[in-house]
Amino acid sequence: MIGLNCDLGESFGPWKMGMDEAVMPHIDMANIACGFHASDPITMQRTVKLAKEHAVTIGAHPGYPDLVGFGRRSLVCSPEEISAFITYQIGALAAIATAQKMSVAYVKPHGALYNDMMAHEHIFLAILKGVSQYNKELKLMILSSPKNERYRELAAPLGVGLLYEVFADRAYTDEGFLVSRSKEGAVIHSSDAVKARIDLLVKEGALITETGKKIFLKADTLCVHGDNEKALDLIVALREYLG
């Protein structure tokens, strides 16, 4: 069974981001921002409460310490720094979750940190260390790719399990990675096109790349975005399709 996950709780103070209340009833897993790229204690508290109301699994969504850039800029950090701020952010969300008799089940890095994790093994290992130091029972969500087995091998010694994620509305390269947002067609806006892609993924475990090649990817969860009303329609349609 493929679950739906979405990045939520990314408002900050009076600034509102996303459509959390509308999206939450339709997803299985909420990746909740932990205060470094977005969010604040009250926003985290409200998002956890909303997830609890809809029986949605909670995941920590840590990013680089970059509120101004919304965590979408790579920062030069040592492995020790990365491990520390991963543990710190998980701990912040876990404390708020515990206060509401909830718990964090997994970790999905945000934005530039997610991309850097997939591009550089030393960053991947630093994130694994940060997760493992906090709680080896937590799983780490990563981009599913032809390198899945390599990442599993890296994670095994640290005792951290992996969740493989596929993006429903993003184009893929022939190598199994996301097409850069700077390229035309990187984001797929057609609901029918997205549903057709997911139908192939469910039935054959495959996606069609930007050049028309078929690649096979393991999918534990699909990432969907809830930033606008059109995206919400897609989330609802995928929920109905996946059941």
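For the structure itself, look to the data block above.
Residues numbered from 1 in each chain as written. Predicted model: local features only at pLDDT ≥ 70, side-chain atom pairs only at ≥ 80, totals over all residues. Heavy atoms only, no water.

**Q** Go over helix α5 (residues 121-134) with me, naming the residues and quoting the values.
**A** Between its terminal C-alpha atoms α5 stretches 20 Å, which fits the 20 Å expected from 14 residues at 1.5 Å a residue. Turning to α5, its buried residues number three or more, namely I123, F124, A126, I127, L128, G130, V131 and S132. Packing partners of the buried residues in α5 comprise α3 (79-99), β4 (104-107), α4 (111-119), β5 (139-143), α6 (148-155) and β6 (162-167). (Helix = DSSP H or I, 4+ residues; strand = E, 2+ residues; numbered from the N terminus. Expected span 1.5 Å × (residues − 1). Buried < 20%, exposed > 50% of the residue type's maximum accessible area, 1.4 Å probe, protein only. Contact = heavy atoms within 4.5 Å.)

**Q** Residue-level account of the pairing of strand β1 (residues 3-8), with values.
**A** Among the six residues of β1, five are classified as buried, and the element is accordingly described as predominantly covered. Sheet analysis places β1 next to strand β9 (residues 221-224), joined by four bridges and oriented parallel. Note that in β9 the partner of G3 across the bridge is T221. With four bridges connecting them, β1 and strand β2 (residues 29-33) associate as parallel partners. Paired with L8 across the strands is I32, a residue of β2. (Pairing = 2+ DSSP bridges.)

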